[in-house]
Amino acid sequence: MTRLLITGVSGLLGINLALVAVEEGCDVVGWSNRRSLKGVPFEQQNVSLEELSSLPGALQSAKADAVIHCAAIANLDAAQQQPELARLVNAQAPGVLACEARKFGIPFVHISTDSVFDGSEGGYREDDLPNPQNTYAQSKLAGEQAVRQAYPGALVARVVFYGWSISGTRSLAEFFFNNLSQGKSVNGFTDSIFSPLYARDLAALLLEALSKNLSGTYHFFSRESLSKYEFGVALARRFGLDESLITPVQTSQGNLLTTRSLNLSANTDKLKNALAHDLPGIKEGMDGLFEDYQKGLRKRLADFLA
Ligand SMILES: NC(=O)c1ccc[n+]([C@@H]2O[C@H](COP(=O)([O-])OP(=O)(O)OC[C@H]3O[C@@H](n4cnc5c(N)ncnc54)[C@H](OP(=O)(O)O)[C@@H]3O)[C@@H](O)[C@H]2O)c1
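Residues numbered from 1 in each chain as written. Predicted model: local features only at pLDDT ≥ 70, side-chain atom pairs only at ≥ 80, totals over all residues.

### Some remarks on the overall build of the protein
Line of reasoning, step 1. Scanning the protein for helices and strands turns up eleven helices and 13 strands.
Line of reasoning, step 2. In terms of principal-axis extent, the alpha carbons of the protein reach across some 55 × 40 × 40 Å.
Line of reasoning, step 3. Counting every position in the protein, which comprises 306 residues, the buried fraction comes to 49%.
Line of reasoning, step 4. Put simply, of all contacts in the protein between residues at least 6 apart along the chain, 79% involve residues at least 24 apart. (Helix = DSSP H or I, 4+ residues; strand = E, 2+ residues; numbered from the N terminus. Buried ≥ 20, exposed ≤ 12 C-beta atoms within 10 Å, placed from the backbone. Contact = placed C-beta atoms within 7 Å.)

Now the structure itself:
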């Protein structure tokens with residue numbers, strides 16, 4: 001049985017990945033920072049990535065056969081307001097962990113982001129030139145570079161995703177679901193384009209890539225792209241909610257604190273070819289989100305908060 005270390009296990013991706021990995025027969029050890037989880041079907045430890053010198057010992061104690069590094073300062077505004085912390089957690093810590101994983105000879109998957117690109121063109125391939133537009137994206141690009149330098153055999157997975165989180169408020173899907181189900185009006189950006197995967201689909205793809213020993217940089221995105229407005233409408237339709245509550249607006253009308261890249265549509269041929277199958281589209285993702293809601297996943301995750 002593979003013993004898998006998942007960092008950021010209390011986060012949106014980490015918790016979904018941990019549950020899928022357990023279902024697939026992995027022995028999971030999950031790290032979080034401040035949040036402690038109760039009733040989870042895996043071992044959980046609190047490890048701060050800010051303590052760089054303690055990371056080698058923590059990794060050794062985890063006795064993992066592989067690492068998927070999901071933890072990050074992933075909130076764009078938080079990163080913008082604390083650039084040094086963002087660089088420490090998102091850039092330096094991944095380099096330290098990757099270096100130790102290389103020494104132990106275990107696979108290392110580093111989670112990065114579509115926002116390394118500036119969003120001026122869209123259709124991004126893995127070897128297109130990054131041009132990050134905010135502190136978060138700059139720190140994530142630096143994290144990619146630190147991981148590649150420390151461990152050339154590592155897998156750098158650029159992702160964007162949605163799903164059910166422990167807080168109930170972490171993802172764009174939850175933003176639309178929470179507001180629309182309470183009859184509240186929201187804005188949906190028509191010029192902000194992305195290619196999101198449902199978190200559990202992304203989790204399964206990451207585990208598949210790990211089992212196939214992929215290394216290098218890959219785009220883990222939906223095979224289809226859409227605007228954030230269209231995403232809200234798709235969710236409203238799937239859940240039987242009122243799509244007329246979503247007002248189509250330009251991102252510039254959103255009064256966002258942090259600059260965002262606009263057209264982050266991406267090309268996923270490299271991953272599709274490596275895995276020898278197509279990647280999920282928007283409908284499959286929405287179906288998964290809906291079916292897991294019906295199975296009680298949202299409530300199950302909320303109950304993990306101690
Ligand atoms: N959400 C997206 O759509 C998206 C898009 C592109 C890329 N990504 C990338 O995907 C990964 C997962 O994102 P997410 O949305 O799941 O994140 P998230 O929900 O914000 O969770 C972040 C996780 O990182 C942990 N963490 C934060 N600061 C830490 C620190 N100083 N030391 C140790 N752990 C720390 C948090 O622990 P606590 O809960 O204890 O604070 C939490 O488990 C990140 O690498 C992010 O950059 C996300």
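### Some remarks on the site of the ligand
Line of reasoning, step 1. Lining the immediate surroundings of the ligand are 29 residues, of which Gly8, Gly11, Asn33, Leu49 and Ala72 lie closest.
Line of reasoning, step 2. For the shell around the ligand, the secondary structure elements donating two or more residues are helix H1 (12–23) and strand E5 (108–113).
Line of reasoning, step 3. Ranked by the residues each element gives to the shell around the ligand, the list is headed by H1, at three residues.
Line of reasoning, step 4. Classifying every residue of the shell around the ligand by side-chain character gives 14 nonpolar, nine polar and six charged. (Near = placed C-beta within 6 Å. Nonpolar A, V, L, I, M, F, W, Y, C, P; charged D, E, K, R; others polar.)

### Observations regarding the pairing of strand E4 (residues 66–69)
Line of reasoning, step 1. Alternating residues of E4 divide into Ala66 and Ile68 and Val67 and His69, and every residue in both groups is buried.
Line of reasoning, step 2. Note: E4 against E5, three bridges, orientation parallel. The partner of Val67 across the bridge, within E5, is Phe108. (Pairing = 2+ DSSP bridges.)

### Comments concerning the sheet that holds strand E1 (residues 3–7)
Line of reasoning, step 1. Reading across from one edge, E3-E2-E1-E4-E5-E6-E11 is the order of the seven strands in this open sheet, with parallel pairing throughout. The open sheet has two edge strands, strand E3 (43–46) and strand E11 (216–220), and neither has a second partner. The mean angle between the axes of side-by-side strands here comes to 20°, regardless of whether they run parallel or antiparallel.
Line of reasoning, step 2. Note that E5 and strand E6 (residues 155–159) share five bridges and pair parallel. The residue of E6 that forms the bridge with Ile111 is Ala157.
Line of reasoning, step 3. Contacting E5 and E6, helix H5 (residues 135–150) crosses the sheet at an angle of about 155° to E5. (Axes fitted to C-alpha atoms, helices over the stretch in contact; angles between N-to-C directions.)

### Topic: the nonpolar core
In a soluble, globular protein the nonpolar side chains are often hidden away together inside.
Line of reasoning, step 1. Within the largest apolar cluster, 96 residues are counted, with the highest numbers of intra-cluster contacts made by Leu17, Leu202, Leu206 and Phe220.
Line of reasoning, step 2. Counting residues per element, this core draws most heavily on helix H7 (residues 199–211), at nine residues.
Line of reasoning, step 3. Discounting residues that sit within four places of it in the chain, Leu206 has contacts with Leu17, Ile68, Val109, Ala157 and Phe220. (Core = buried A, V, L, I, M, F, W, Y, C linked by C-beta atoms within 7 Å.)

### Quick word on the environment of Thr113
Line of reasoning, step 1. Residue placement: Thr113 occurs in strand E5.
Line of reasoning, step 2. Thr113 sits in the buried class, given 23 other C-beta atoms within 10 Å.
Line of reasoning, step 3. Residues Thr113 and Ala137, spaced 24 residues apart in sequence, show a C-alpha to C-alpha distance of 7.6 Å.
Line of reasoning, step 4. Among residues more than four places away in sequence, those in contact with Thr113 are Ala137, Lys140, Arg158, Val159 and Val160.

### Some points on the packing of helix H2 (residues 55–62) against helix H4 (residues 83–104)
The description of two helices packed together rests on the angle between their axes and the distance between the axes.
Line of reasoning, step 1. The N-to-C vectors of H2 and H4 enclose an angle of 50°; their axes lie 10 Å apart at closest approach. In terms of axis orientation, H2 runs oblique to H4. The two elements H2 and H4 meet at a crossing, and its hand is right-handed. For the pair formed by H2 and H4, the contact residues are Leu55, Pro56 and Leu59 on the first element and Ala93, Val96, Leu97 and Glu100 on the second.
Line of reasoning, step 2. In terms of residue class, the contact of H2 with H4 is built from six nonpolar, no polar and one charged. (Parallel < 35°, antiparallel > 145°, perpendicular 65-115°, else oblique. Left-handed = near helix turned anticlockwise from the far one by under 90°.)

### Topic: H4
Structurally, the α-helix is built with 3.6 residues per turn, so residues lying three or four positions apart point the same way.
Line of reasoning, step 1. Across its 22 residues, H4 extends 31 Å between first and last C-alpha, which sits within 8% of the 32 Å expected from 1.5 Å per residue.
Line of reasoning, step 2. Listing the buried residues of H4 in full gives Ala86, Val89, Asn90, Ala91, Ala93, Pro94, Gly95, Leu97, Ala98, Glu100 and Ala101. (Expected span 1.5 Å × (residues − 1).)

### Brief notes about unusual backbone geometry
Line of reasoning, step 1. Its identity as a non-glycine residue notwithstanding, Asn213 has a phi of 55°, on the positive side.
Line of reasoning, step 2. Secondary-structure assignment places Asn213 in the loop between H7 and E11.
Line of reasoning, step 3. A positive phi angle, near 60°, is found at Ala276, a position not held by glycine.
Line of reasoning, step 4. Assignment of secondary structure puts Ala276 in the loop between helix H9 (269–275) and helix H10 (282–294).

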